[in-house]
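An overview of the molecular structure
Here is what each chain is made of, one letter per residue.
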Amino acid sequence: MVKKEMIAMLLAGGQGSRLGVLTTKVAKPAVSFGGKYRIIDFPLSNCINSGVDTVGVLTQYQPLRLNTHIGIGIPWDLDRNIGGVTILPPFEKSVSSEWYTGTANAIYQNIEYMDSFNPDYVLILSGDHIYKMDYGVMLDFHKSMDATVTIAVMPVPYEEAGRFGIMITDEDKRITDFEEKPDHPRSNLASMGIYIFSWHVLRDALIAQSDQPNLDFGKHIIPYCHEKKERMYAYEFNSYWKDVGTLNSYWEANMELIDIIPDFNLYEEYWRIYTKSDTLPPQYISTDSVVERCIIGEGSDIAGKVYNSVIGCGVTIGKDTIIRDSIIMNETVIGEGCEIYKGIVAENVTIGDHVKLGFGDEVTNETDPHIYNHGIATVGERSVIPPGVSIGKNIVISGVTTAKDYPGGRLESGKTLIRGGDK
């Protein structure tokens, strides 16, 4: 048996339904971010930058692109003979077959994997947050406090604390109580969903609570450890952290990358973000084009004017097209003479000439107002938009659409246009 001091378990199986059509065909951790990256690149890069060289990635929903992206872990130096990265999907047992039914249930079903490394500590991570954290510093804190459970927390405004699991601590940062989405929070220390457990404590808790339906860390494992009077501490994190679980937070996080002085810097030498990169030619920016305050991915061909936007790899933008405040993902082709404002356009989309996207009055979306809002026009991957149509705000388009789908050449604000069975 090979012993590891700390291994990481990365929860990457979520559907990410609040991202709407962006996650119809792909798990949320595999969604493009920042032009050339995918969301899962950030926790994976944190692991290797922190010296954590053994990572189990728990997948479930639409895993193909995620599995292909991770491969054997070469971009993150996680292609190891001992340890490295391992994809852990649900599997059929001799007596039963079971999907992962909760965050802690997914970990429980992989006890044998964790046992194989006989770790002193297990780091639990989510695959859908954007941040840089040295998990080694968090482990040092865990050891210095003689903790058995350490929960990473972040101070949030009190008026937002009701959205989170809140930790109440004493002056030594020991957790004395916790509240799940409280109406009247007693603290503003919000759980980040990042945990370090001493392995024997986590193992015992998982087995003791294994019969709980939808076994979850926040609802079951943490309360159980608290009831057992484990030494639970809060590790306070005060740097950039973003949950990109909604379209608006996803759009905001991308836009923050192109601030003059970004809160989240992709260009730091000492803490690089690694990703699987295809072999692509350089960008081409034509003579008549304009590019201001943008990220432009490799292999893109820009003949139009692009302002304050994040453009993925292999994107084509035609002559006289104007794009503002938008996210255009990999391999999308946008024709000539288009105007796009505050759009999120997914991968491999084709937009015909003279299309206007993201204009008109801001009207509540007719089908999913809790998803498609803040004036963002969202186009799902592999969609086709015909030439010459005008499309409003808070819309969603997915699938191959034709001129007859746009009465009078328009799709009014707040409309939903889904073709081909996508939901």
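Anything mentioned here points back to the structure above.
Report on the accompanying structure. (Residues numbered from 1 in each chain as written. Predicted model: local features only at pLDDT ≥ 70, side-chain atom pairs only at ≥ 80, totals over all residues. Heavy atoms only, no water.)

1. Quick look at the sheet that holds strand S14 (residues 284–285)
Operational definition: Strand pairing is defined by DSSP finding a minimum of two bridges between the two strands. Counting from the N terminus, the helices are the DSSP runs of H or I reaching at least four residues and the strands are the DSSP runs of E reaching at least two.
Reading across the sheet, the six strands line up as S14-S17-S20-S23-S26-S29 and stay open at both edges, with parallel pairing between neighbours. Looking at the sheet topology across the chains shown, the edges are occupied by S14 and strand S29 (384–385). With two bridges joining them, strand S23 (residues 333–334) and strand S26 (residues 350–351) adopt parallel strand pairing. Following the sheet pairing, Val333 is matched in S26 by Thr350.

2. Quick look at the environment of Val21
Under the convention used in this document: Here's how the labels work: a residue is buried when its accessible area is under 20% of the maximum for its type, exposed when over 50%, partly exposed in between, all with a 1.4 Å probe on protein chains only. Note on contacts: a residue pair is in contact if any heavy atoms of the two residues lie within 4.5 Å.
In this fold, Val21 is placed in the loop between strand S1 (6–11) and strand S2 (32–33). When its relative accessible area of 3% is taken as the criterion, Val21 is described as buried. Excluding residues within four positions of it along the chain, Val21 makes contact with Tyr372, Thr378, Val379, Gly380, Val396, Ile397, Ser398 and Ile418.

3. What to know about the environment of Ile258
Its place among the elements puts Ile258 in the loop between helix H8 (247–256) and S14. Distance from Ile258 to Lys219, taken between C-alpha atoms, is 38 Å for residues 39 residues apart in sequence. Residue contacts for Ile258: discarding those within four places in its chain leaves Arg293, Cys294, Ile295, Asn308, Ser309 and Val310.

4. Notes on unusual backbone geometry
If you check the backbone angles, Asn214 has positive phi at about 50° while not being a glycine. The phi dihedral of Asp320 falls on the positive side, at around 65°, and the residue is not glycine. Checked against the element boundaries, Asp320 lands in the loop between strand S20 (316–317) and strand S21 (322–324).

5. So, the side chain of Thr54
With respect to the secondary-structure elements, Thr54 resides in strand S4 (residues 54–58). For Thr54, the contacting residues outside a window of four places in its chain are Lys4, Ile7, Ala8, Gly83, Gly84, Tyr113 and Phe117.

6. Brief notes about the packing of aromatic side chains
Note the following rule: Pairing of aromatic rings covers Phe, Tyr and Trp, the last counted by its six-membered ring, and requires centre-to-centre distances within 6.5 Å; plane angles under 30 degrees mean stacked, over 60 mean edge-to-face, and any other angle means tilted.
A complete count under the given rule lists 12 aromatic pairs for this structure. Both rings, one in Phe141 and one in Tyr233, keep their centres 6.5 Å apart while their planes meet at 80°; by these two values the pair is edge-to-face. Of this pair, Phe141 sits in helix H5 (residues 135–144) while Tyr233 is found in strand S12 (residues 232–236), placing the two residues 92 residues apart along the sequence. Accessibility classification places Phe141 together with Tyr233 in one group, the buried group. Between the aromatic rings of Tyr195 and Phe197, the centroid separation amounts to 5.9 Å while the plane-to-plane angle is 50°, which identifies the pairing as tilted. We note that Tyr195, like Phe197, is buried. Members of the aromatic cluster, connected to one another through ring pairs, are Phe33, Tyr37, Phe42, Tyr240, Tyr250 and Phe264.

7. A short note on the pairing of S12
Burial analysis of S12 places four of its five residues in the buried class, which makes it a mostly covered element. Relative to S12, strand S8 (residues 149–155) runs parallel, the two sharing five bridges. Bridge pairing links Val149 to Met232 in S12.

8. What about H5?
Heads up, the rule is: The directions from the helix axis to the C-beta atoms form the arc being described. We define a polar contact as two N or O atoms separated by no more than 3.5 Å, with the added condition that, inside protein, one atom must be a possible hydrogen donor and the other a possible acceptor, whereas residues neighbouring each other in sequence contribute only through side-chain atom pairs.
Every buried residue of H5 is accounted for by Tyr135, Met138, Leu139, Phe141 and His142. End-on view of H5: buried residues confined to an arc of 155°, all on one side of the axis. Two to three positions downstream of the cap, the backbone nitrogen of Gly136 sits 2.8 Å from a side-chain oxygen, assigning the N-cap of H5 to Asp134. Looking one or two residues beyond H5, the residue adopting positive phi is Asp146, at roughly 55°.

9. Looking at the packing of helix H6 (residues 199–208) against helix H7 (residues 217–227)
To describe two helices that pack against each other, one gives the angle between their axes and the distance between the axes. Keep this limit in mind: An axis is simply a line fitted to the C-alpha atoms; with a helix, the fit covers only the stretch in contact. Between two such axes, the angle follows the N-to-C directions and lies from 0 to 180 degrees. We call a crossing left-handed when the near helix sits turned anticlockwise from the far one by less than a right angle, and right-handed when that turn is clockwise. When residue character is reported, Ala, Val, Leu, Ile, Met, Phe, Trp, Tyr, Cys and Pro are called nonpolar, Asp, Glu, Lys and Arg charged, and the others, Gly included, polar.
At a closest axis distance of 10 Å, the pairing of H6 and H7 adopts a crossing angle of 120°. The crossing of H6 and H7 is right-handed. Where H6 approaches H7, its residues Val201, Leu202, Ala205, Leu206 and Ala208 are matched on the opposing element by Phe217, Ile221, Tyr224 and Cys225. Tallied by class, residues from the contact of H6 with H7 come to nine nonpolar, no polar and no charged.

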